[in-house]
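# Residue-level structure breakdown
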Amino acid sequence: MKEILRTDGLSVDYGGNRALDEVSLSIGEGELVGLIGPNGAGKTTFIDALTGFTTSTGRVALRGVDLSRERPHLRARKGLARTWQSAELYDELTVRENLEVGAVRPGSGGYWRELFTGRGRGHEPVKRALDLLELNHLADDLPDSLTQGQRKSVDVARALAAGGELLCLDEPAAGLDSEESEELGTRLRSLVDAGSSILLVDHDMGLVLGVCDRIYVLDLGRLIATGTPDEIRSSEIVIDAYLGQEGVPA
Ligand SMILES: Nc1ncnc2c1ncn2[C@@H]1O[C@H](COP(=O)(O)OP(=O)(O)OP(=O)(O)O)[C@@H](O)[C@H]1O
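Residues numbered from 1 in each chain as written. Predicted model: local features only at pLDDT ≥ 70, side-chain atom pairs only at ≥ 80, totals over all residues. Heavy atoms only, no water.

## Section: the overall build of the protein chain
- Scanning the protein chain for helices and strands turns up 10 helices and 10 strands.
- Overall size of the protein chain, expressed as C-alpha extent along the three principal axes, is 55 × 40 × 35 Å.
- For the protein chain, buried positions account for 52% of its 250 residues.
- By sequence separation, contacts in the protein chain at least 24 residues apart represent 66% of the contacts at least 6 residues apart.
- For the protein chain, the accessible surface area stands at approximately 11400 Å², while carbon and sulfur atoms represent 49% of it. (Helix = DSSP H or I, 4+ residues; strand = E, 2+ residues; numbered from the N terminus. Buried < 20%, exposed > 50% of the residue type's maximum accessible area, 1.4 Å probe, protein only. Contact = heavy atoms within 4.5 Å. Areas by Shrake-Rupley, 256 points an atom, 1.4 Å probe, with all protein chains shown as cover.)

Next up, the structure:
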């Protein structure tokens, strides 16, 4: 499998606190990879460091290209997309417009023309993202009218429409009930089947163990395990550090 992401010795210090400690991992093209661990383990910090939202040492490479010194918007432009725990949407814009804001780039032929005509370089990625996340029937709705599960899907669609090749999703299932979380899992799998690669951070073990190809486990900023969902489920180290507290779904 071709590698899409590799980190080497990625570390983050907050004052005297080492939030991320020499994390080296890789994600293959078309892989859905989970990142789990207890509260404060460094999962969000890892996404922040990958996407450039916090200062880090070590190396981040996307398709072999070193992005370690690039600013966040340039990493995003090169295909490293993220969502945030809070999943904020623009409440005054429709679902489609929320996607267009990220997909249409300044200088690519007129932001406003593209926004109002729906045509231009941002049009195809938005259409594809609406199709893949099954949001077409909600495209003209305002976020206020959406369920929490639909809002999370819009957030993922926005990252995809913005040109994300590797989508780093920070707790997309937070606040979802088990049915909504299962639906989200199905959509994430179809995104991967359609060629995206995903890094999924979540505490919903039913989701992570159910949909991921491979899982990394962080504790106190360090990688303590990696493996398939079955390997992780039965790992003593992981049960001690994390799964013992969460309860392991069958
Ligand atoms: N901006 C910051 N400034 C200082 N310390 C921070 C900052 N962000 C995170 N930390 C610290 O870094 C460590 C890792 O936090 P992080 O939020 O990455 O953990 P997490 O695994 O995502 O936790 P959770 O599952 O609760 O979201 C924690 O000790 C946290 O207090």
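## A word on the site of the ligand
- By nearness alone, 14 residues border the ligand, and Gly40, Lys43, Thr44, Thr45 and His203 come closest of all.
- In the model, an oxygen atom of the ligand is placed 3.4 Å from a nitrogen or oxygen of the Gln85 side chain.
- Measuring from an oxygen atom of the ligand, one finds a side-chain N or O atom of His203 at 2.7 Å.
- Here the ligand loses 60% of its free accessible area of 630 Å² to cover by the protein chains.
- At the level of secondary structure, the elements contributing two or more residues to the shell around the ligand comprise strand 2 (17-28) and helix 1 (43-51). (Near = heavy atom within 4 Å. Polar contact = N/O pair within 3.5 Å; in protein donor to acceptor, adjacent residues only side chain to side chain.)

## Some thoughts on the nonpolar core
- Formed by 45 residues in total, the largest nonpolar core has its most connected members in Leu167, Leu188, Leu191, Ile198, Leu200 and Ile232.
- Counting residues per element, this core draws most heavily on helix 6 (residues 148-161), which supplies six residues.
- Ignoring any residue separated from it by four or fewer positions in sequence, one finds Ile232 in contact with Ile36, Leu209, Ile215, Val217, Ala225, Thr226, Gly227, Val238 and Leu243.
- Among the nonpolar cores identified, the runner-up in size contains 25 residues, and Leu25, Leu35, Leu67 and Cys168 belong to it. (Core = buried A, V, L, I, M, F, W, Y, C linked by side-chain atoms within 4.5 Å.)

## Looking at the packing of aromatic side chains
- Summed over all chains, the structure comprises one aromatic pair.
- Summarising the aromatic geometry, the rings of Phe53 and Trp84 are spaced 4.9 Å apart at their centres and angled 85 degrees between planes, so their arrangement reads as edge-to-face. One end of the pair, Phe53, is in the loop between helix 1 and strand 4 (57-62); the other, Trp84, is in the loop between strand 6 (80-82) and helix 3 (95-103), and 31 residues separate them in sequence.
- Exposure remark for Phe53: the relative accessible area of 44% places this residue in the partly exposed category.
- Directly above the aromatic system of Trp84 lies the positively charged group of Arg82, at a separation of 3.6 Å from the ring centroid. (Phe/Tyr/Trp six-rings, centres within 6.5 Å; stacked < 30°, edge-to-face > 60°. Lys NZ or Arg CZ within 6 Å of the ring centre and 35° of its normal.)

## Some details on the sheet that holds strand 9 (residues 214-219)
- Read across the sheet, six strands follow the order 6-7-8-3-9-10 without closing on themselves; strand pairing throughout is mixed. Single-partner strands in this sheet number two, and they are strand 6 and strand 10 (222-227). Strand-to-strand twist in this sheet, taken as the mean axis angle between neighbours without regard to direction, amounts to 20 degrees.
- Of the pairings in the sheet, the one linking strand 7 (residues 166-170) to strand 8 (residues 197-201) comprises five bridges and is parallel in character. Among the inter-strand pairings, Asp170 is bridged to a residue of strand 8, identified as Val201.
- The sheet strands contacting helix 7 (residues 178-193) are strand 3 (32-36), strand 7 and strand 8, and the helix crosses strand 8 at an angle near 150 degrees. (Pairing = 2+ DSSP bridges. Axes fitted to C-alpha atoms, helices over the stretch in contact; angles between N-to-C directions.)

## Some thoughts on helix 1
- Among the nine residues in helix 1, eight count as buried, and that is most of the element.
- Turning to helix 1, its buried residues are Lys43, Thr45, Phe46, Ile47, Asp48, Ala49, Leu50 and Thr51.
- Once helix 1 finishes, Gly52 follows within two positions and takes phi at roughly 90 degrees, a positive value.

## What to know about the pairing of strand 9
- Bridge count between strand 3 and strand 9: four bridges; the pairing is parallel. Note that in strand 9 the partner of Leu35 across the bridge is Tyr216.
- The pairing of strand 9 with strand 10 spans five bridges and is classified as antiparallel. Bridged to Tyr216 within strand 10 is Thr226.
- Hairpin connection of strand 9 to strand 10: two residues between the antiparallel strands, including Leu220 at a positive phi of 50 degrees.

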